[in-house]
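Residues per chain are reported as follows:
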Amino acid sequence: MKGYKITTLNEFIVRRQANIPYAKGELSNLLHHISIAAKVLHKKVNKAGLVDVLGEAGNINIQGETQQKLDVFADMQFTAALSNSGECCGIASEENQEIITFDDQLSNDAKYIVCMDPLDGSSNIDVNVSIGTIFSIYRRISPRGQKAQLEDFLQEGNKQIAAGYIIYGSSTMLVYTTGLGVNGFTLDTGIGEFCLSHPDIKTPMDGKIYSLNEGNYNKFPEGVKKYIKYCQEEDKATNRPYSARYIGSLVADFHRNLLKGGVFIYPETASAPTGKLRLLYECNPMAFIAEQAGGKANDGEIRIMDLKPKTLHQRVPLYTGSKNMVENAENFIQKHGK
Ligand code: AHG
Ligand code: MN
Ligand code: MN
């Protein structure tokens, strides 16, 4: 009788590390600590309807939004995990105005920094719809042995060492890349392990899903309006009309399109001229994953990972997903304008 063959996330990370000469296991350890925080959050999310974690915590975060209780919990949990790992000298989080540096000797000696959106899609918590966590890992550029500096965080996305997300959906999954393709792990709650379920994810070159908040239609750039009309037109040869799918959690919208093929757009709008999503901890990590899966990510014209960040919480427009669809949307922008 054959047993159920499992590759756990840890085993996978360690195997990968063995292929990299001189790797000391620091990144592996960091990813391991992120996965532990993810399991803790999974438990909390699954109890959201039962215990007192629904609703708002009352604080207004630096984006001017009211923090949900789970946002606060997630931020604390991931911050603690990264601090305890001893492999991370500082973090930038959506929930904090400034960078957080871990001022102990072990952390100051660490070589990595992490940018994170601890709880993405927070408006969906109360209604039992998928939410997520996004992370992005860089090697610091300031010398080891001292506190992390702002410059460590304002690196271009093309310098990312690893990036990933956790989706708390009908099951909990962790998807990540270190630049050697994208792999997805599903949490087997029976044994408490993330198990390799989606090896070497490749996103379809084309798809028939378009995802954007069409309620903002009137405020969209001309090129996006024209592209939406294109998506809705009937044309059998190109599989149109496409289907509109929009959850309002970037992680969930991105994950669906990654597996099924599609395009996700959060453009600049009349009221938000640089878009809504944050470059450091939403767009860059998703762009790294999209590209590693054979897809694309740009701001309508420039590759997301080539943008030079100016501030921690900078927002940029995001066009990402299946390569041919993103390029097509890009053509509409070029032709009809931003
Ligand atoms: P967060 O919950 O971390 O603030 O992120 C919400 C983001 C993102 O997940 C989603 O794609 C987008 O906001 C939805 O915005 P709209 O409600 O404007 O469509
Ligand atoms: Mn978010
Ligand atoms: Mn968030």
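An account of the accompanying structure is given in this report. Here, residues in each chain are numbered from 1, in the same order as that chain's written sequence. Think of it this way: whatever chain is written first is A, whatever ligand is written first is 1, and the rest follow in order. The model is predicted, so local features are restricted to residues of pLDDT at least 70 and side-chain atom pairs to those at 80 or more, both for listing and for counting; the totals for chains, interfaces and linings are taken over all residues. Each side-chain value is derived from all of the structure's non-hydrogen atoms; neither hydrogens nor water enter the calculation.

**Brief notes about unusual backbone geometry**
Generally, phi is negative for residues other than glycine and the peptide bonds are trans, each holding for most cases. To be explicit about the condition: A run of H or I in DSSP counts as a helix once it spans at least four residues, and a run of E counts as a strand once it spans at least two, with each numbered from the N terminus.
With an omega dihedral of 10°, the bond running from Arg 240 to Pro 241 counts as a cis peptide bond. Examined against the element boundaries, Pro 241 turns out to sit in the loop between α6 (222-232) and β12 (243-244). The phi dihedral of Asn 128 falls on the positive side, at around 60°, and the residue is not glycine. You can see Asn 128 is positioned in the loop between β5 (112-120) and β6 (131-139). Phi angles above zero are rare outside glycine, and Asp 200 is one such case at about 45°.

**A short note on the nonpolar core**
Selection rule: Here, nonpolar core means buried Ala, Val, Leu, Ile, Met, Phe, Trp, Tyr and Cys residues that are tied together by side-chain atoms lying within 4.5 Å of each other. The buried label applies to any residue whose accessible area, calculated with a 1.4 Å probe on protein chains only, is under 20% of its type's maximum; exposed applies above 50%, and partly exposed to all values in between. Domain start and end points were adopted from an automatic or database domain assignment. In this description, contact between two residues means that some pair of their heavy atoms is separated by no more than 4.5 Å.
Membership of the largest hydrophobic core comes to 42 residues, with the highest contact counts inside it found for Cys 115, Phe 153, Tyr 165, Leu 280, Ile 304 and Leu 318. Every element with two or more residues in this core is listed here: β3 (88-93), β5, β6, β7 (162-168), β8 (172-177), α7 (250-260), β13 (263-266) and α8 (279-292). Looking at which domains feed residues into this core, each of domain 1 (9-198) and domain 2 (209-336) supplies at least three. Not counting residues up to four positions away in its chain, the partners in contact with Leu 280 are Cys 115, Ser 136, Phe 153, Leu 154, Pro 285, Pro 309, Thr 311 and Leu 312. Counting 37 residues, the second-largest nonpolar core is a separate cluster that includes Ile 13, Ile 34, Leu 41 and Cys 88.

**Focus on α7**
With nine of eleven residues buried, α7 is to be regarded as a mostly interior element. Of the residues flanking the end of α7, it is Gly 261, one or two places downstream, whose phi is positive at about 95°.

**Regarding the site of ligand 1**
Basically, it comes down to this: When we say a residue is near a molecule or strand, we mean one of its heavy atoms is within 4 Å of it. Polar contacts, as used here, are pairs of N or O atoms within 3.5 Å; protein pairs need one atom able to donate a hydrogen and one able to accept it. Residues neighboring in sequence count only if both atoms are side-chain atoms. Here the accessible surface of atoms and residues is derived via Shrake-Rupley with a 1.4 Å probe, and residues count as covered only by protein chains that are part of the display.
As a structural note, the neighbourhood of ligand 1 is formed by 18 residues, with Asp 120, Gly 121, Tyr 246, Leu 250 and Tyr 266 the closest of them. In the model, an oxygen atom of ligand 1 is placed 2.9 Å from a nitrogen or oxygen of the Lys 276 side chain. Alone, ligand 1 offers 470 Å² of accessible surface; in the complex the protein occludes 85% of this. Only β5 and β13 provide two or more residues apiece to the shell around ligand 1. With three residues, β5 is the single largest residue contributor to the shell around ligand 1.

**Description of the sheet that holds strand β14 (residues 296-298)**
By way of backbone hydrogen bonds, the strands of a sheet pair with one another, either parallel or antiparallel. Our working definition: Strands pair, by our definition, only if DSSP identifies at least two bridges between them. Here, axes are lines fitted to C-alpha atoms. For helices the fit covers the stretch in contact, and angles between N-to-C directions go from 0 to 180 degrees.
As summarised here, the arrangement of the five strands in space is β12-β11-β13-β15-β14, forming an open sheet in which the pairing is mixed. This sheet does not close on itself; its edge strands, each paired only once, are β12 and β14. As judged from the four bridges shared by β13 and strand β15 (residues 318-321), these two strands associate in the antiparallel manner. Note on β15: the bridge partner recorded for Phe 264 is Thr 320. Those strands touched by α7 are β11 (209-211), β13 and β15, and its axis lies near 160° from that of β11.

**Considering the coordination of the manganese ion (ligand 3)**
For the record, the criterion: In this description, a donor is an N, O or S atom within 2.8 Å of the metal centre, a cutoff extended to 3.2 Å for sodium, potassium and calcium. Water is not part of the atom list, which can make sites seem incomplete.
For the manganese ion (ligand 3), every protein donor is listed as Glu 94 (OE), Asp 117 (OD) and Leu 119 (O), and the spread of their distances is 2.0 to 2.2 Å. Mapped onto the polypeptide sequence, the residues donating to the manganese ion (ligand 3) form the spacing pattern E-x22-D-x1-L. The distance between the manganese ion (ligand 3) and the manganese ion (ligand 2) is 3.7 Å, with Asp 117 acting as a donor to both metals. Residue Glu 94 is located in the loop between β3 and β4 (100-101), and its partner Leu 119 is located in strand β5; the two are separated by 25 residues in the primary sequence. Neither Glu 94 nor Leu 119 differs from the other in exposure class; each is buried.

**What to know about a nonpolar patch on the surface**
So the rule is basically this: Patches draw on residues past 30% relative accessible area with no salt bridge. Two like charges within 9 Å are joined, as are two nonpolar side chains (Val, Leu, Ile, Met, Phe, Trp, Tyr) within 5 Å. For salt bridges, the criterion is a side-chain nitrogen of Lys or Arg within 4 Å of an Asp or Glu carboxyl oxygen.
On the surface, Val 127, Val 129 and Ile 247 cluster together into a nonpolar patch covering about 220 Å² of accessible area. Within the secondary structure layout, Val 129 lies in the loop between β5 and β6.

**Looking at the side chain of Glu 268**
With respect to the helices and strands, Glu 268 occurs in the loop between β13 and α8. For Glu 268, a relative accessible area of 9% corresponds to the buried category. Setting aside anything within four residues of it in sequence, one finds Glu 268 in contact with Lys 219, Pro 221, Pro 273, Thr 274, Gly 275, Asp 299, Pro 317, Tyr 319 and Lys 338.

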